[in-house]
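Secondary and tertiary structure notes
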Amino acid sequence: MSEFWLISAPGDKTNLQAWERINTVTSKSNLSSNSKFHIPDLKVGTLDALVGLSDELGKLDSFAESVIKKIAQYIGEVMEDSKDKVQENLLANGVDLISYLTRFEWDMAKYPIKQPLKNISEALAKQVTQIEADLKTRSAAYNNIKGNLENLEKKTVGNLLTRTLADIVHKEDFVLNSEYLITLLVVVPKSSYMQWQKTYESLSDMVVPRSTKMITEDAEGGLFTVTLFRKVMDDFKAKARENRFMVREFYFDEKELKCEKEELMKLASDKKQQYVSSPSTFDTDFPKHLSLRNGFMVPTDAYELHLAQKMETQVLLFLFSQGPLLRWLKVNFSEAFVAWIHVKALRVFVESVLRYGLPVNFQAMLLQPNKKSVKRLRDVLNAVFKHLDEVAAASMEPGMDIPGLQLSNQEYYPYVYFKIDLSLLD
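As the structure is a prediction and not an experimental result, all values here were calculated from the model. (Residues numbered from 1 in each chain as written. Predicted model: local features only at pLDDT ≥ 70, side-chain atom pairs only at ≥ 80, totals over all residues. Heavy atoms only, no water.)

**Comments concerning unusual backbone geometry**
Omega for the peptide link from Leu358 to Pro359 comes to -5 degrees, which places this bond in the cis form. Positive phi outside glycine occurs at Met206, with the angle close to 65 degrees.

**Focus on the confidence of the model for the chain**
Mean pLDDT over the chain works out to 83, with 80% of the residues at or above the 70 mark. The model gives residues 273–304 a pLDDT under 50, and that stretch makes 62 contacts with residues more than four places away or in other chains. (pLDDT = per-residue confidence, 0-100. Contact = heavy atoms within 4.5 Å.)

**A look at helix H6 (residues 233–242)**
Taken together, the buried positions of H6 are occupied by Met233, Phe236, Lys237 and Ala240. The buried residues of H6 all sit within an arc of 100 degrees when viewed along its axis, so they share a single face. What points out from H6, more than 90 degrees from its buried face, is the exposed set Asp234 and Glu242. Of the surrounding secondary structure, the elements contacted by the buried residues of H6 are strand E5 (181–189), helix H5 (193–199), strand E7 (221–229) and strand E8 (246–248). Remark: Arg244 follows H6 within two positions and exhibits a positive phi of approximately 65 degrees. (Buried < 20%, exposed > 50% of the residue type's maximum accessible area, 1.4 Å probe, protein only. Helix = DSSP H or I, 4+ residues; strand = E, 2+ residues; numbered from the N terminus. Arc of directions from axis to C-beta.)

**Considerations on the nonpolar core**
Phe333 and Phe337 are the most contacted members of the largest nonpolar core, which has 60 residues in total. Among the elements of the structure, strand E1 (3–10), helix H2 (47–78), helix H3 (97–102), helix H4 (117–157), helix H9 (324–356), strand E11 (362–369) and strand E12 (416–421) are those that each provide at least two residues to this core. Those residues in contact with Phe333 that sit more than four places away from it in its chain are Ile68, Ile71, Ala72, Ile75, Leu90, Leu91, Leu97 and Leu424. (Core = buried A, V, L, I, M, F, W, Y, C linked by side-chain atoms within 4.5 Å.)

**Focus on the sheet that holds E1**
In spatial order, the strands read E2-E11-E1-E12; together these four strands make up an open sheet with antiparallel pairing. Two strands close off the open sheet at either side, each with one partner strand: strand E2 (32–36) and E12. Ignoring strand direction, the axes of neighbouring strands in this sheet form an average angle of 25 degrees. Contacting E1, E2 and E11, helix H1 (residues 16–27) crosses the sheet at an angle of about 165 degrees to E2. Sitting on the sheet, helix H10 (residues 374–385) is in contact with E1, E2, E11 and E12, with an inclination near 5 degrees to E1. (Pairing = 2+ DSSP bridges. Axes fitted to C-alpha atoms, helices over the stretch in contact; angles between N-to-C directions.)

**As for the packing of H2 against H9**
At a minimum axis distance of 8 Å, the contact between H2 and H9 shows a crossing angle of 155 degrees. Considered as vectors, H2 and H9 are oriented roughly antiparallel to each other. Regarding H2 and H9, the two cross each other, and that crossing is left-handed. Considered class by class, the residues forming the contact of H2 with H9 number 25 nonpolar, three polar and six charged. (Parallel < 35°, antiparallel > 145°, perpendicular 65-115°, else oblique. Left-handed = near helix turned anticlockwise from the far one by under 90°. Nonpolar A, V, L, I, M, F, W, Y, C, P; charged D, E, K, R; others polar.)

Here it is in structure tokens:
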């Protein structure tokens, strides 16, 4: 079970009594696994400051948790081909989350305890806010490039009606720069090859005889050229459609094809510059006949462009999940998680002082309930600590409704309690 209860109870001189009592009542029926949660001697300040800080920390707690979940889920998105390994990438200070939580130690260097509590809270808020802002920027860049790559991949893997033809057609397949003639590209189903050959010249007037040839084919059909007079083009398209021959809206333009090629290479270059530390790692996987320049594939003809498009897309999508973006996500997940647990520690300290008074003397404890014993554990804790707040304890008994005490919409118990849920990918 990934749910933990962070609680505190008033302590004695050594704080052993509360700790031993919890262990005694929970071990009888194996209700939970327990560990001490160490909070240093923080500066208390004034009561008014603690009351105001309590509200601020509640909001910061929720905000930090939401940022952590965003990062965790984004790691899952980036590692889309390795989703089963996402959890092992969610670490805090180099260890798994449960280990960090159960062995929590306050980071004295990052959050000095001699400063006021409000200063610590503001430092934590600033840190988490900056991480969220950076996440938005990086995720926007990632989504933009990934979207462009996905669109490019769709162009190269679609059928002959939708995919790009830049890697298929050649200048010599067309009649170009003619005032009267035009070459069309027609997609013909495989079952209709014979029909096409027999009928294409008669689909309309002024079709050039023996002008058709098949350029390429896929599993569904073939791509044929046909040359005719421009003035009958619309009539030919209509007649072709009636016979299930689909004319592609394509006109050979060398400049446009060159721009498409350059756009591909620029996208590949931009992607590598942003997310890849060492392109040479992948050079050995490229076909040897493809030209390489500074680690990038530079196609020299249409066939090489076709190979480059497919390989660049596959490799770059792979690199998305292996480059600096993933490293940034992992590092900042750890930073945000550590900050979040420090926020929890601050909340326990502030609420314990407000509940139990001065001098500061309480024992914070971390309980991991056994899945089948959650309700029983809650009942036992309420029974053990009901003397701390008789009114609140009484309100939790079945059938009890105390006027003026409205606790139904929030989790309030006779002891200080905060839940920590490590199910961050749900």
